[in-house]
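Chain and residue survey
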Amino acid sequence: MEYSRQQPRWYTPRRCLVLFCLINTLNYVDRGVIASNAVKDSVGSLFHLNNAQYFLLPSIFMVGLLFASPIFAQLTRTCSPLRLIGFGLSVWVLSTLGCGLAWNYTSLLVFRSLVGVGEASFCSLAAPLIDDAAPAGSKSTWLAIFFLCIPSGVALGYIFGGFMFDIFGTWRAPFLLEALLMVPFAVFGFLSEPLNLTCDAPSSDLSAPVGG
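This write-up is about the structure you can find in this document. (Residues numbered from 1 in each chain as written. Predicted model: local features only at pLDDT ≥ 70, side-chain atom pairs only at ≥ 80, totals over all residues. Heavy atoms only, no water.)

**Remarks on the environment of leucine 125**
In this fold, leucine 125 is placed in helix α6 (residues 105-133). Leucine 125 sits 52 residues away from alanine 73 along the chain, and the two C-alpha atoms are 6.9 Å apart. Look past the residues within four positions of leucine 125 in its chain and what remains in contact with it is Phe72, Ala73, Thr76, Pro81, Leu84 and Ile85. (Helix = DSSP H or I, 4+ residues; strand = E, 2+ residues; numbered from the N terminus. Contact = heavy atoms within 4.5 Å.)

**A few points about the environment of serine 36**
Here serine 36 lies in the loop between α1 (13-35) and α2 (37-47). Setting aside residues up to four positions removed in sequence, serine 36 forms contacts with Gly157, Tyr158 and Gly161.

**Some thoughts on empty space enclosed by the protein**
Counted under the stated rule, the structure contains 1 cavity of 30 Å³ or more. Volume-wise, the largest cavity comes out at about 40 Å³. What lines the largest cavity is simply Leu19, Phe20, Ile23, Leu82, Ile85, Leu89, Phe185, Phe188 and Gly189. Of all elements in the fold, only α1, α5 (81-101) and α8 (172-191) reach the threshold of two or more residues within the lining of the largest cavity. Residues that form the lining of the largest cavity fall into these classes: 8 nonpolar, 1 polar and no charged. (1 Å grid on protein atoms, 1.4 Å probe; cavity = no way out; pocket = protein on both sides within 12 Å on 5 of 7 lines; lining within 4 Å. Points joined across faces, edges and corners; volume = space filled by probe spheres on them. Nonpolar A, V, L, I, M, F, W, Y, C, P; charged D, E, K, R; others polar.)

**What about the nonpolar core?**
Formed by 58 residues in total, the largest nonpolar core has its most connected members in Phe20, Ile23, Val43, Leu57, Phe146 and Met182. At the level of secondary structure, the elements contributing two or more residues to this core comprise α1, α2, α4 (61-75), α5, α6, α7 (139-168) and α8. Counting residues per element, this core draws most heavily on α6, at 13 residues. Sequence-distant contacts of methionine 182, that is, excluding residues within four places in its chain, are made with Ile23, Leu26, Asn27, Leu89, Trp92 and Val93. (Core = buried A, V, L, I, M, F, W, Y, C linked by side-chain atoms within 4.5 Å. Buried < 20%, exposed > 50% of the residue type's maximum accessible area, 1.4 Å probe, protein only.)

**Regarding a nonpolar patch on the surface**
A contiguous nonpolar patch, built from Phe87, Leu180, Val183, Val187, Phe190 and Leu191 and spanning about 570 Å² of accessible area, is present on the exposed surface. Examining the composition of the nonpolar patch, we find that 5 residues originate from one element, α8, more than from any other. Locating leucine 180 in the fold gives a position in helix α8. (Patch = residues over 30% accessible without salt bridge, like charges linked within 9 Å, V, L, I, M, F, W, Y side chains within 5 Å. Areas by Shrake-Rupley, 256 points an atom, 1.4 Å probe, with all protein chains shown as cover. Salt bridge = Lys/Arg side-chain N within 4 Å of Asp/Glu carboxyl O.)

**Brief notes about the packing of α4 against α6**
With their axes 7 Å apart at the nearest point, α4 and α6 run at an angle of 40° to one another. Judged by the twist between their axes, the crossing of α4 over α6 is right-handed. Counting all contacts with α4, which are made through Phe61, Gly64, Leu65, Ala68, Ser69, Phe72 and Ala73, the residues of α6 involved are Arg112, Ser113, Gly116, Val117, Glu119, Ala120, Ser121, Cys123, Ser124 and Leu125. Residue composition of the contact of α4 with α6, grouped by class: 9 nonpolar, 6 polar and 2 charged. (Axes fitted to C-alpha atoms, helices over the stretch in contact; angles between N-to-C directions. Left-handed = near helix turned anticlockwise from the far one by under 90°.)

**Regarding unusual backbone geometry**
The backbone of histidine 48 sits at a positive phi, close to 55°, despite the residue not being glycine. Along the chain, the position of histidine 48 falls in the loop between α2 and α3 (51-56).

See below:
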């Protein structure tokens, strides 16, 4: 029997790629914001940080990322990948809001590490979902487009951080605004019907010979 994947009504492979590229870009905009000069100078002055203390902020997210990524990867065995991404992005939203509302250096450090936890769900699941959705002859191209969002997002983050600081006069504004921008994606992950992946096909159907 041929295995047929019934996908959600919104789904097409190109929409899936665009969705994940937008989320990936916004993830890395945050990386650029925390490293931008406007935010760096303001946070450093407010909390009286030396260079070592400040530059721990852009890297501390790796603790949360490395801890949470294998957990999210294991949870795909029992949970919908989109639900896991929605949960992770919700953590990301709350953590980024926390960065914008941080009251001292320690709180900012904790929220930055939690940003990594939120990002872990997306980082560990998005690339396999894109690989699954991409046409057979275009998988490398689609993944290249997805990963191109990394340097693009960081560069945009530098600009976004300085631009929002100039408009609102506070380093907190970029974090609060990027959190609001991510909210629709987090909600979408929770509300969307699950994607049906190739790996979910019954093993007997996947192993069946092609062409009778």
